[in-house]
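# Analysis of the macromolecular model
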Amino acid sequence: MQQDFDAELHIEKIDINPFVLSLRITGLELDNPEGAPTIRVQEIFTNFQLSSLFRLALTFDEVRLTAPELFVTRDETGAMDFAYLLPDPQDQLDDNVADEEGSSLIQALVFTFTIEDWFINWSDEFQAEPLKSRFGPVNIVIEELNTLPNKAGQQTVVFATEKSGTLSWSGDLQLNPLRSSGRARIDDSHFPVLSAYIRHQTGIEIVNGSADVELDYEVYRTDSGQIEASIENLDLTFKDIIVNSFADGTGIDLAGPDQQILKLPEARLTGGQFHWPQQTVSLGSISFNNPQIDLSRAEDGVFNIEPRQQNVAAEGAAVQDNDESEAENEWQLSIGNLAVNDLVLNLQDQSVDPAAQLGITGFDLNISDINNQPDSIFPTSLSLQLLSGGTLSLEGDLVVLPEPRFEFEVNIDALQLAGTQPYIKQQANLEMNSGAINLDGQIRGSSEEPFAFKGDLEIIDLDIAESIHNEPLASWKSFRADKIALSIAKRQLDISTFYFDQLYGDILIAEDRSLNIGQIAKVDSSAEESAAQKSGPTEPVEPEPEPEPEPEPEPEPEPEPEPEPEAKAKAKAEVAVDDGDSEFKVNIGRIVIADASADFEDLSLPLPFAVKVSSLNGKITTISTDSNEPSEVTFEGKVDEFGFARISGNVTPLEPARNTDLVLSFENIDIPKFTPYSIPIAGREVASGNLDLQLGYQVKDNELVGENSIILRDFELGPEVPYPDAMSLPLDLAVALLKDADGKIDLDLPVRGNVDDPEFSYGSVIWGALGKLLVKIVTSPFAFLGNLLGIEASELEAINFLDGRSDLTPPEMQRAAKLAEALALRPGLQLMITGVYDSAADGLALRTAQFDETLELQITELASSSDPEVQYPELRRMTLEKLFSEQQPEGMAAQKLDELRLQFTSPAEVEGQTESGTSLDNLAYANELRAQLIALQSVTEQDLSSLASARAMALKTALVAIDKSLQERVSIADNLAVTGEPGAPVKMAVKLGSKTE
């Protein structure tokens, strides 16, 4: 040993018994060249048998090693200390060549081979943190260990680890040829050595846990020399695993401090199988039970498990290359079931203020029939509950190879939005007080369709406040988006209906004239400081002694001429063309708002001002990016107690500055509420009066053309209130001049402006026009003489009705109350009501209502028998075509429809084709069908007369409900046809008489 290996071999004693042919060696010690121990053996005992002569093989009755101990060390360079015992690699290569040329196993037989109390001492100084461990005792018993042909023995191995875990192995062993089978198991094996090796390389440390493993195996060499092996009945259980992050500055250095990141009470693998060389691995089931994952995110946005070093990606790339090189010999992998049961995920996010505590509880994942065969479908289910409230579930199929694709039923129930508050606060001055999302639908994805969704969305009980003044901002009881169809591949979003129930908004102008909505966005303080530095000192600059004269007002630009029909058609075609690349198509069937309300408050005025709009109902018709046709808008609501507001017209919601034509009507608005606005302008309070206001706005190509009509009744100014810059005009004279014989003030205020002008505001434009009008009136007083003071007779002379309707609006209910009060003060008066109808206005309204009712009924019938995926606009078009066809002469329906379609068809480029195609504006086409069908509806004189009678009876009923004594004093005369102004309400006049008449 000294000569060949530079090592010291010590033997305490050798005993030989020639009678029984036994050899006993005690106290064997082998030291490496540095004098450190390599091997220690308390006793080696062999008992040779003379039967070797008859068996033609070396035969031993017993070979026993008692208390052997092996010392293995890896130094700082990675070299093993026992390397001196290994032959030179070139000599080993030569020996292998010699063996291949014809060497064979020596025939030997050991009836009992035993190793008792074997210990292995392991020392590793190559690690960042030196490691020492001791394994044992190992006890091995092999019966009939031999190299005889086709002769098997029995072996039993018991291996104890440093932490009391045990490995046991029993079965058959045959060396010539090699064949072994048996059962192996590991009980209560802990992870100290494994953790010591992986924590520096992975940044994680296994601080607790044990494993139990049990399997049946078989390995043998075939006649051709190939090794075949198999494992059956593999069961693996991990228990009480606790994993901490480990940051030590070497290997993968995780961003967070040392802390627990995983707690796994149990993980089980059952029914495992392995077969070589078939390269198959089959696992019956894998389950992770009650795991808990704890993550944190620091103030800089970095997660505690993120590596600080970037070399991990390169290592991963190298592994990927190796995987690709081995792709030719693919393994067959299958897992019967993969389950994660009741997982808990906790995330503390300190990147927001206050820190957010997020998490998932009750996370259950189940994937079945997993394998690596192409186009294999994995049935998948997922359910979880968010810590902030709400559940999510997925159920469907997943395909991984050759490319991922999925199709799931998805359900979200009561997902609470309040949990997003810390993140909203970082971006906006908002408080998300409440709100929950419900979603039900299907999602799918593939290489052809990255993501598609079909289903319904609901957001309920939303409540948002602005956080600066802690005032309410917006809320609703529910918002629904029905029949959503989203396709990323087609770049298209279709929604059948948007529905808002009890929508509420609050608009507040603070004392500093800031708007609560305008204060939502967060302001970057660093940007403000930079802007302040650039702008110089903030102290006010003294004005020049003499102000420069005001420039002459620029003449208003002449309106551009209307484009020729051909130019209109060309522009329409250009907009209708879809380039298929950048434009995302959006189609919304309709927007319905029910029972909405709003509060407006202005605290910047000398006296606070507030108004409330309630019971607002209405809708917006189809919105489509594929059409130039604007959407119809219809809304009605109540203003304060007896005021009435109505909005109607057309608007292009996605581009309101391009094409808007709206009429906003306000009736019976109490004027004294507007005193706060009159003081800065007129320096006077408003003592009394009611206001009817009709605002007509047309916006085309960003240019505003407004026609405003203002009617004041019983308008009286109150006392003066000193205010800087208020008008110095004889306003009492102006009011007196404006009142007509009935004490009514009727103003028309045309306004003009460009909505793109940064200084443009609707309020300043209207008040500016009013100021110019007042100046003109007081400078020409004689033009307005003739007005009489007194009670406004029109308040009692007529009741206004909306076209085609017989119900009394809130303002008309107040008029009825005033009329009843007047009659009560004059008991001798009789009232005669004459029911009226306007053939043109009421006829059109009745035909429209009659047809729309029929249309909606047939749409509902068609929807019940059609594909549920068909959107509302398509159902509406199909129904309109059916009704239109029924009105055409026999055999002419198709031709008429084709002619009508042609009117709304324009050229369009088709992707992938050299020739141009055509595009049909479905919305405009459907509206034309509706207009023609409305014109075909039949309204008889009897229908109009019945409407007039209903109006008269509605007024009488309202009067009698106020004062029952009027039952005998109110009579109804024959109906009367009237003709009113276009767009004006139908006026029903009443007459007074006496009881003697």
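What counts as what
Residues numbered from 1 in each chain as written. Predicted model: local features only at pLDDT ≥ 70, side-chain atom pairs only at ≥ 80, totals over all residues. Heavy atoms only, no water. Helix = DSSP H or I, 4+ residues; strand = E, 2+ residues; numbered from the N terminus. Buried < 20%, exposed > 50% of the residue type's maximum accessible area, 1.4 Å probe, protein only. Contact = heavy atoms within 4.5 Å. Areas by Shrake-Rupley, 256 points an atom, 1.4 Å probe, with all protein chains shown as cover. Axes fitted to C-alpha atoms, helices over the stretch in contact; angles between N-to-C directions. Parallel < 35°, antiparallel > 145°, perpendicular 65-115°, else oblique. Left-handed = near helix turned anticlockwise from the far one by under 90°. Nonpolar A, V, L, I, M, F, W, Y, C, P; charged D, E, K, R; others polar. Core = buried A, V, L, I, M, F, W, Y, C linked by side-chain atoms within 4.5 Å. Salt bridge = Lys/Arg side-chain N within 4 Å of Asp/Glu carboxyl O. Phe/Tyr/Trp six-rings, centres within 6.5 Å; stacked < 30°, edge-to-face > 60°. Lys NZ or Arg CZ within 6 Å of the ring centre and 35° of its normal. Arc of directions from axis to C-beta. Polar contact = N/O pair within 3.5 Å; in protein donor to acceptor, adjacent residues only side chain to side chain. Expected span 1.5 Å × (residues − 1). Patch = residues over 30% accessible without salt bridge, like charges linked within 9 Å, V, L, I, M, F, W, Y side chains within 5 Å. Pairing = 2+ DSSP bridges. Lys, Arg positive; Asp, Glu negative; His and termini not counted. Charge placed at Lys NZ, Arg CZ, Asp CG, Glu CD. pLDDT = per-residue confidence, 0-100.

### Considering the overall build of the protein chain
Each helix and strand counted, the protein chain has 18 helices and 39 strands in total. Taken over 997 residues, the protein chain has a buried fraction of 35%. Summarising the internal contacts of the protein chain: among those between residues at least 6 apart in sequence, 60% fall at separations of at least 24. Taken as a whole, the protein chain presents about 56300 Å² of accessible surface, with 55% of it coming from carbon and sulfur.

### Some details on the packing of helix 15 (residues 872–886) against helix 16 (residues 893–903)
Contact geometry of helix 15 with helix 16 gives a least axis separation of 9 Å together with a crossing angle of 130°. When the interaxial angle is binned, helix 15 and helix 16 end up oblique. Crossing of helix 15 over helix 16 shows right-handed handedness. Residues Glu881, Phe884 and Ser885 of helix 15 pack against Ala893, Lys896, Leu897 and Arg901 of helix 16. Within the contact of helix 15 with helix 16, the residues separate by chemical class into three nonpolar, one polar and three charged.

### Considering the nonpolar core
As a rule of thumb, nonpolar side chains are buried together in soluble globular proteins. With 54 residues, the main nonpolar core has Phe363, Phe479, Phe498, Phe500 and Ile591 as its most contacted residues. Leaving out residues up to four positions away in the same chain, Phe498 has contacts with Phe479, Arg480, Ala481, Ile588, Arg590, Ile591 and Val592.

### Some details on the pattern of salt bridges
Should the charged atoms of two oppositely charged side chains come close, the side chains can pair. For the coordinates displayed, the defined rule picks out 23 salt bridges. Note that Glu886 and Lys882 form a salt bridge whose closest N and O atoms lie 2.9 Å from each other. On the criterion of helical spacing, the pair formed by Glu886 and Lys882 is a turn pair, its members being four residues apart in helix 15. On the accessibility criterion, Glu886 (49% relative accessible area) is partly exposed. Bridged by salt links that share partners, the residues Glu874, Arg877, Glu881, Asp898 and Arg901 form one connected network.

### Focus on unusual backbone geometry
That bond from Trp276 to Pro277 is cis: its omega, 15°, falls within 30 degrees of zero. Mapped onto the secondary structure, Pro277 falls in the loop between strand 12 (260–276) and strand 13 (280–289). Here Leu401 and Pro402 are connected by a cis peptide whose omega angle stands at 0°. Residue placement: Pro402 occurs in the loop between strand 18 (391–399) and strand 19 (405–416). Backbone geometry places Asp461, a non-glycine residue, at a positive phi of 50°. Locating Asp461 in the fold gives a position in strand 21 (residues 452–466).

### Let's talk about the packing of aromatic side chains
Tallying each qualifying case throughout the model produces seven aromatic pairs. Where Trp476 meets Phe479, the ring centres are 5.6 Å apart and the plane angle is 45°; that geometry is what we call tilted. Note on Trp476: relative accessible area 17%, which makes it buried. Since its relative accessible area comes to 10%, Phe479 is described here as buried. Each ring, one from Trp476 and one from Phe500, has its centre 5.6 Å from the other, and the planes form 70°; the classification is edge-to-face. Taken together, the positions of Trp476 in strand 22 (residues 471–487) and Phe500 in strand 23 (residues 492–501) put the pair 24 residues apart, joining distant regions of the chain. Across from the ring centre of Tyr872, 4.6 Å away, lies the NZ or CZ of Arg590, which sits over that ring.

### Side note on helix 16
All buried positions along helix 16 are accounted for by Ala893, Leu897 and Leu900. Along the long axis of helix 16, the arc covered by the buried residues comes to 65°, so they all point the same way. Along helix 16, the residues that are exposed and aim more than 90 degrees away from the buried face are Ala894 and Leu902. Close packing links the buried residues of helix 16 with helix 15 and helix 17 (922–935).

### Examining the side chain of Glu43
Relative to the elements of secondary structure, Glu43 occurs in strand 3 (residues 37–48). At 3.2 Å, the side chain of Glu43 forms a polar contact with the side chain of Arg24.

### Focus on helix 15
Compared with the 21 Å implied by 1.5 Å per residue over 15 residues, the 21 Å span of helix 15 between its first and last C-alpha is a close match. For helix 15, the full list of buried residues reads Tyr872, Leu875, Arg876, Arg877, Thr879, Leu880, Glu881, Leu883 and Phe884.

### Points about a nonpolar patch on the surface
Together, Leu9, Ile11, Ile14 and Ile16 make up an exposed nonpolar region whose accessible area comes to about 380 Å². Counting through the fold element by element, Ile16 comes out in strand 1 (residues 8–17). Residue classification places Ile16 among the exposed positions, given a relative accessible area of 63%.

### Quick notes on the pairing of strand 11 (residues 227–245)
Where strand 10 (residues 204–221) lies against strand 11, 15 bridges are found, and the strand directions are antiparallel. The partner of Asn208 across the bridge, within strand 11, is Ile242. Where strand 10 folds back onto strand 11 in an antiparallel hairpin, the turn is made up of five residues, including Gly225, whose phi is positive at roughly 90°. Pairing geometry for strand 11 and strand 12, over twelve bridges, is antiparallel. Its bridge partner being in strand 12, Leu234 is matched across the sheet by Gly272.

### Remarks on the packing of helix 14 (residues 839–865) against helix 18 (residues 941–962)
Running from N to C, helix 14 and helix 18 cross one another at 100°; their axes reach a closest spacing of 11 Å. On the basis of the axis angle, helix 14 is roughly perpendicular to helix 18. Contacts between helix 14 and helix 18 pair Ser839, Asp842, Gly843 and Leu846 from the former with Asp943, Leu944, Leu947 and Arg951 from the latter. Across the contact of helix 14 with helix 18, the residue classes tally to three nonpolar, two polar and three charged.

### Observations concerning the environment of Glu941
One can find Glu941 in helix 18. With 36 residues separating them along the chain, Glu941 and Ala977 place their C-alpha atoms 10.0 Å apart. A polar contact is formed between the side chain of Glu941 and the side chain of Tyr837, at a distance of 2.9 Å.

### Considering the environment of Asp807
Within the secondary structure, Asp807 sits in the loop between strand 34 (798–801) and helix 13 (810–825). What makes Asp807 partly exposed here is its relative accessible area of 36%. Separated by 144 residues in the primary sequence, Asp807 and Arg951 have C-alpha atoms spaced 7.2 Å apart. A polar side-chain atom of Asp807 sits 3.0 Å from a polar atom in the side chain of Arg805.

### So, a negative patch on the surface
On the surface, a cluster of negative charge is made up of Glu395, Asp397, Glu407, Glu409, Asp440 and Asp456. Those elements that place two or more of their residues in the negative patch are strand 18 and strand 19. Looking at the element boundaries, Asp397 is found in strand 18.

### Thoughts on the side chain of Gln888
Its place among the elements puts Gln888 in the loop between helix 15 and helix 16. Under the relative-accessibility criterion, Gln888 is labelled buried at 17%. Here Phe884 takes part through its backbone oxygen, which lies 3.2 Å from a polar atom of the side chain of Gln888. Every residue in contact with Gln888, bar those within four places of it in the chain, is listed here: Ala893 and Lys896.

### Focus on the confidence of the model for the protein chain
Summary statistics for the protein chain give a mean pLDDT of 76 and a share of 69% for residues scoring 70 or more. Per-residue pLDDT stays below 50 along residues 534–580; that stretch engages in 22 contacts with residues further than four places along the chain or on separate chains.

### A closer look at the environment of Val613
You can see Val613 is positioned in strand 26 (residues 609–620). What makes Val613 partly exposed here is its relative accessible area of 23%. Through-space distance from the C-alpha of Val613 to that of Phe600 is 8.4 Å; in sequence the pair is 13 residues apart. Not counting residues within four places of it along the chain, the set of residues in contact with Val613 comprises Ala596, Ser597, Ala598, Lys638 and Val639.

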